[in-house]
Amino acid sequence: MKTVIIKYNAGNVQSVMYAMDRIGASYLWTDDEQEIRTADKVIFPGVGEASTAMSYLREKGLDKVIPSLTQPVLGTCVGMQLMCRHSEENHTTCMGIFDLDVKRFDSTNFKVPHVGWNNIYNLKTELTQGLREDSYMYFVHSYFAELSPYTVAECNYVQPFSAMLQKDNFYAAQFHTEISGKEGQLILENFLKL
Amino acid sequence: MLTKRIIPCLDIKDGRTVKGTNFVNLRDAGDPVELGAIYAEQGADELVFLDITATVDNRKTLIDLVRNVARHVNIPFTVGGGISSIDDVSALLNAGADKVSINSSAVRRPELINELALQFGSQCIIVAIDTRFVDGEHIVHTHGGRKPTELRTIAWAKEVEDRGAGEILLTSMDTDGTKAGFANELTATVSANSSIPIIASGGAGTMEHFTEVFTTGKADAGLAASIFHFKEIDIIELKQYLQQQGISVRL
């Protein structure tokens, strides 16, 4: 099986690679269109800022490649946000795989960013198979995807929001599977088993 | 619900943990990787590795260590000690650290916080503040709390946030090592004045102290070293206790 981790200016993805090593999965870290198209699984990680990431993806043409993929794709954190329609973070037009908007948390009564372990619930995707409701995942983010028909796991901070999304072959998680303990690892394993 | 975090801190010298550890079944009590993995297994929410050597020669040792920790530990971890440039941070993050903690270098040149936040994102930049109560005021100290600065703690905390820090690690040198409880009043003031998470450190001696720092002290996370190393407090028991006290924790 060939798994590709998409290479772009998305900050540090070393943790994702080590998580893959821990579960004994091999991967290729690349931004090459052919390599991405011929992969069995594609992981689209992300740490960083939406507009900078999107301009890089556009420059490489990846903003067109990613939405056209037909194999299972997993976006995490900013990767998930870039798969949505639009992000309030520097008013960024994103890839629009999920037809919904990414907004900033209201910081009137809450600390923003949302940092730490929070429970996810209403789990309804193959990726959470074997996880109990209210499993804890590690989140670090100031922007969130609203609840939508694509929501397959929810979380609550300031308000309920999408912890995971799915549409056809596209899967996404707002939290960091790679540093969310055994539970996060299970999600990665489930994805690789699809 | 977002949980309160329990964070063990490991002091590192020449790639090894210092201060004794009292774990049974450890093949090597000085191995930070093994110790970190055990803490993760026991329910620690994050780990902090503080390099107290921080000489040029030892940076490579530290980078190797960070790489090893990242390979074996599946929870977030922070590395601090002797970080003073974008290059330092870049090397640590590339080796697999999730966050870095800066202290003296931020006091020396506060713009560093802006530069790091811009380059790497606020989410991975923790500013550590060592504070001591002197002549009726909370004053920022450097050099492990020995050297006073001109900075007032509460104002400095606000400034580091404005400059782009993602979290504040607040250590009270007055309570550190006393095991008499965290500096709850100061922690609460800093926490109320900031919109970023506060990690409280210094003074943990009992499980009640953690309840207090999360309620009275309004901290988002509690950090401690020796009580965990010497197994005076077991992390799982601590979290069960906190849950009984109505504090939200990850169990």
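Notes on the structure in this doc start here. Note that the structure is a prediction, hence the values are computed from the model and not measured.

Rules of the game
Residues numbered from 1 in each chain as written. Chains lettered and ligands numbered in written order. Predicted model: local features only at pLDDT ≥ 70, side-chain atom pairs only at ≥ 80, totals over all residues. Heavy atoms only, no water. Core = buried A, V, L, I, M, F, W, Y, C linked by side-chain atoms within 4.5 Å. Buried < 20%, exposed > 50% of the residue type's maximum accessible area, 1.4 Å probe, protein only. Helix = DSSP H or I, 4+ residues; strand = E, 2+ residues; numbered from the N terminus. Contact = heavy atoms within 4.5 Å. Phe/Tyr/Trp six-rings, centres within 6.5 Å; stacked < 30°, edge-to-face > 60°. Lys NZ or Arg CZ within 6 Å of the ring centre and 35° of its normal. Salt bridge = Lys/Arg side-chain N within 4 Å of Asp/Glu carboxyl O. Polar contact = N/O pair within 3.5 Å; in protein donor to acceptor, adjacent residues only side chain to side chain. Pairing = 2+ DSSP bridges.

**Remarks on the nonpolar core**
One recurring pattern in soluble globular proteins: nonpolar side chains tend to sit buried together. Of all hydrophobic cores here, the largest spans 73 residues; its most connected members are L47, F77, L92, I129, F210, F228 and L242 of chain B. The element that contributes the greatest number of residues to this core is helix α2 (residues 56–72) of chain B, accounting for 6 residues. The residues contacting L92 of chain B, other than those within four sequence positions of it, are R59, L62, I63, V66, V79, I83, A97 and V100 of chain B. In terms of nonpolar packing, the next biggest core, distinct from the first, is built from 34 residues, A39, L69, M83 and F170 of chain A among them.

**A word on the side chain of H176 of chain A**
Mapped onto the secondary structure, H176 of chain A falls in the loop between β13 (170–173) and α6 (181–193). Judged by relative accessible area, which is 7%, H176 of chain A ranks as buried.

**Overview of the packing of aromatic side chains**
Evaluation of the coordinates by the stated rule reveals 14 aromatic pairs over all chains. The interplanar angle of 75° and the centroid separation of 5.5 Å between the aromatic rings of F105 of chain A and F161 of chain A together place this pair among those described as edge-to-face. With F105 of chain A in the loop between β7 (98–104) and β8 (114–120) and F161 of chain A in strand β12 (residues 159–167), the pair connects residues that are 56 residues apart, well separated along the chain. Through a chain of ring-to-ring contacts, the aromatic side chains of F105, F110, F139, F144, Y157, F161 and F175 of chain A assemble into a single cluster. Over the ring of Y143 of chain A we find R104 of chain A, and its NZ or CZ is 5.6 Å from the ring centre. Directly above the aromatic system of W117 of chain A lies the positively charged group of R250 of chain B, at a separation of 3.6 Å from the ring centroid.

**Observations concerning the pattern of salt bridges**
All names here are of chain B. By the definition in use, this model includes 22 salt bridges over all chains. Close ionic contact of D45 with K239 constitutes a salt bridge, the shortest N to O distance being 2.8 Å. Residue D45 is located in the loop between α1 (32–41) and β3 (47–51), and its partner K239 is located in helix α10 (residues 235–244); the two are separated by 194 residues in the primary sequence. For the pair D45 and K239, one class covers both residues: buried. Measuring nitrogen to oxygen at the nearest pair gives 2.6 Å for the salt bridge that ties E167 to K99. Within this pair, whereas E167 is found in strand β9 (residues 167–172), its partner K99 is found in strand β5 (residues 99–102), the two being separated by 68 residues in sequence. For E167, a relative accessible area of 1% puts it in the buried group. For K99, a relative accessible area of 2% translates into the label buried.

**Points about unusual backbone geometry**
All names here are of chain A. With an omega dihedral of 15°, the bond running from V112 to P113 counts as a cis peptide bond. Topologically, P113 is positioned in the loop between β7 and β8. Located in the positive-phi region is V158, a residue other than glycine, with phi close to 70°. Here V158 lies in the loop between β11 (151–157) and β12. Positive phi values are uncommon outside glycine, yet D168 reaches one of about 50°. Relative to the helices and strands, D168 is located in the loop between β12 and β13. Residue D168 is classed as exposed on the basis of its relative accessible area of 61%.

**Section: α1 of chain B**
All names here are of chain B. The buried fraction of α1 is high, at 7 of 10 residues. Regarding α1, the residues found buried are P32, V33, E34, L35, G36, Y39 and A40. The N-cap residue of α1 is D31: its side-chain oxygen and the backbone nitrogen of V33 are 3.0 Å apart. One or two residues past the end of α1 sits G43, with phi positive at roughly 105°.

**Describing the sheet that holds strand β5 (residues 84–87) of chain A**
Residues and elements named next belong to chain A. Strands sit in the order β6-β5-β7-β10 across an open sheet of 4 strands; the sheet is mixed. At either end of the open sheet lies a strand with only one pairing partner, and these are β6 (92–93) and β10 (143–145). As defined by bridge partners, β5 adjoins β7 across 3 bridges and the pair is classed as parallel. Residue pairing across strands places H86 opposite D101, the latter belonging to β7.

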